[in-house]
Amino acid sequence: MIKIDDLISQGLNVEQLNLASKLDEEELKKIGLSIYNDFNSDLTSRTDWLAKHTEWKKLYNQTDEPDNEPWDGSSRDGVPIVTEACNSFQSRAYKAFFPTRNFLDAIPVGNNITSETTERAEKIAKHMSFQLGLLNKNYKREKNAMFLATALNGSDFTKTYYDPVIRESVVERVRAVDLVVPYTIGPVAIEKVPRKTHVIYKTINETKILKNSQYFIDTAEKYEIGLENEYEEVETDFQGIKPSGENSIEYAKILEQHTLYDLDGDGILEPYIITIDYQSKKVLRIQIRYEIDKTGKPLKNKEPIEYFTHYKFLENPDGFYGYGIGHLAGKLNIAINKMLRQSVN
């Protein structure tokens, strides 16, 4: 067990401290197994969801196969309804999101708004546009990919956080397939989801660097990356990609779970980020997921900090994931493809 107050009294920066370094081996094994089991349970809960999205991805790639061919050697042509609709949304969304070089805006807040504060807000907006649009080489590219994924699947995510290793604020895209949540019934905002797991693939060398920087307490073990699921298989088959040979770079599968856990044994679940190695179930890092003041005291009654932003194509009034073009036109596209294949040799 860990008492956060004791760590604060020792003058430690608990906001960036890897709490796993303060736990014994037995406790770490228990936590690692719990995170591993919760992840697999959440993964199983969305099996049907993944199967539907796999079908839509086939339609987008125009690689959907007929269940029963009308006759041997019949046509396998299709009409790119879903493909054209997604591409059209992506191109229009990109232009709307980045209309000019200075695509961000900032406004002064408070009761004392003057010409100076307004001018300062304008400068901040221009500087942030410069940082994200020019210095960050991946920001626009990842947003463009997000627009396409959101249109097809209905949901996509970004993750915003401060990286203490590179000492920079990071904004990165997270695919819906890589953010595993308990797939429950009913409309739930991402801020209210009690557990979400970001699946991350890192090279073994990267985990060694993170251990040397004391971000991780250990290195991860090699994970044999193959065709993780049918969703990944569709894309690799479409691009003609095959798994690398024996001399490939060694990768680890990392589970970064944003969850509630009772680490101090007081019977109350509190927000933490617990990172484990999927292959070995070893805990690599534990950090708090709530704000503290300058003295280290918790703020806002330990309200969880949300790292993920949920982007939806259409709001779903009855569920977590948004509605996409796959939901709206997928079955229609399949029906038209069937009729076409029955009439073309």
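Computed from a predicted structure; not experimentally measured. (Residues numbered from 1 in each chain as written. Predicted model: local features only at pLDDT ≥ 70, side-chain atom pairs only at ≥ 80, totals over all residues. Heavy atoms only, no water.)

Chemist: Where do I start with helix α2 (residues 25–45) in this structure?
Modeler: What sets the pattern is the α-helix's 3.6 residues per turn: residues three or four places apart point alike. Spanning 21 residues, α2 covers 31 Å between terminal C-alpha atoms, matching the ideal 30 Å at 1.5 Å per step. Buried within α2 are the following residues: Leu 28, Ile 31, Gly 32, Ile 35, Tyr 36, Phe 39 and Asp 42. With its buried residues spanning 135 degrees around the axis, α2 presents them on a single face. Projecting away from the buried face of α2 at angles above 90 degrees are the exposed residues Glu 26, Lys 29, Lys 30 and Thr 44. (Helix = DSSP H or I, 4+ residues; strand = E, 2+ residues; numbered from the N terminus. Expected span 1.5 Å × (residues − 1). Buried < 20%, exposed > 50% of the residue type's maximum accessible area, 1.4 Å probe, protein only. Arc of directions from axis to C-beta.)

Chemist: So what exactly am I meant to see when it comes to the layout of surface pockets here?
Modeler: By rolling a water-sized probe across the atoms, one finds the places where empty space is left. Space inside the second largest pocket adds up to approximately 500 Å³. Forming the boundary of the second largest pocket are 16 residues, of which Asn 136, Glu 168, Ser 169, Val 170 and Val 171 lie nearest the centre. Of all the secondary structure elements, the ones that give two or more residues to the lining of the second largest pocket are α5 (115–135), β1 (155–163) and β2 (168–174). (1 Å grid on protein atoms, 1.4 Å probe; cavity = no way out; pocket = protein on both sides within 12 Å on 5 of 7 lines; lining within 4 Å. Points joined across faces, edges and corners; volume = space filled by probe spheres on them.)

Chemist: Sorry if this is basic, but what is going on with the sheet that holds strand β3 (residues 179–180) here?
Modeler: Sheet strands pair by backbone hydrogen bonding; their relative direction is either parallel or antiparallel. Ordered in space as β3-β4-β5-β6-β7, the five strands form an open sheet in which the pairing is antiparallel. On the outer flanks of this sheet lie β3 and β7 (283–288), each paired with one strand and no other. Across two bridges, β3 lies against strand β4 (residues 196–203) in antiparallel orientation. Bridge pairing links Val 180 to Thr 197 in β4. Along the sheet, α2 contacts β3, β4, β5 (251–261), β6 (270–277) and β7; its crossing angle with β5, the most-contacted strand, is approximately 95 degrees. With respect to the sheet, helix α7 (residues 204–212) is in contact with β4 and β5, its orientation differing from that of β4 by roughly 105 degrees. (Pairing = 2+ DSSP bridges. Contact = heavy atoms within 4.5 Å. Axes fitted to C-alpha atoms, helices over the stretch in contact; angles between N-to-C directions.)

Chemist: What should I look at first to understand helix α4 (residues 81–97) in this one?
Modeler: The end-to-end C-alpha separation of α4 is 24 Å, in line with the 24 Å expected for 17 residues at 1.5 Å each. In this fold, the buried residues of α4 make contact with α3 (47–61), α6 (139–153) and α9 (325–343).

Chemist: Sorry, what's going on with the confidence of the model for the protein chain here?
Modeler: In low-pLDDT segments, the atomic positions of the prediction should not be examined closely. Scored by pLDDT, the protein chain comes out at a mean of 88, with 93% of its residues at no less than 70. Taking the mean pLDDT of every element in the protein chain, the minimum, 68, falls on helix α1 (residues 4–9) and the maximum, 96, on β6. (pLDDT = per-residue confidence, 0-100.)

Chemist: Before we go on, may I ask you to explain the packing of aromatic side chains in this structure?
Modeler: Aromatic rings considered in pairs are described by the distance between their centres and by the relative angle of their planes. Tallying each qualifying case throughout the model produces 16 aromatic pairs. Of the aromatic side chains, those joined through ring pairs into one cluster are Tyr 94, Phe 97, Phe 98, Phe 103, Tyr 139 and Phe 147. Over the ring of Phe 98 we find Lys 140; its NZ or CZ atom is 5.3 Å from the centre of that ring. Lys 253 extends its terminal NZ or CZ atom over the ring of Tyr 278, reaching a point 4.3 Å from the ring centre. (Phe/Tyr/Trp six-rings, centres within 6.5 Å; stacked < 30°, edge-to-face > 60°. Lys NZ or Arg CZ within 6 Å of the ring centre and 35° of its normal.)

Chemist: Is there a simple way to explain unusual backbone geometry in this structure?
Modeler: Both trends apply: most residues other than glycine have a negative phi, and most peptide bonds are in trans. The phi dihedral of Gln 62 is positive, around 60 degrees, even though this residue is not glycine. Its place among the elements puts Gln 62 in the loop between α3 and α4. Although it is not a glycine, Gln 214 adopts a positive phi angle of roughly 70 degrees. Relative to the helices and strands, Gln 214 resides in the loop between α7 and α8 (230–239).

Chemist: When you look at the sheet that holds β2 in this model, what are you seeing that I'm missing?
Modeler: Within the open sheet, the three strands sit side by side as β2-β1-β8. Their pairing is antiparallel. Bordering the open sheet on either side are β2 and β8 (308–312), each of which pairs with just one other strand. Averaged over all adjacent pairs, the angle separating strand axes in this sheet is 20 degrees, with direction ignored. Alignment of β1 against β8, held across five bridges, turns out to be antiparallel. Bridge pairing in β8 places Lys 159 opposite Phe 308.

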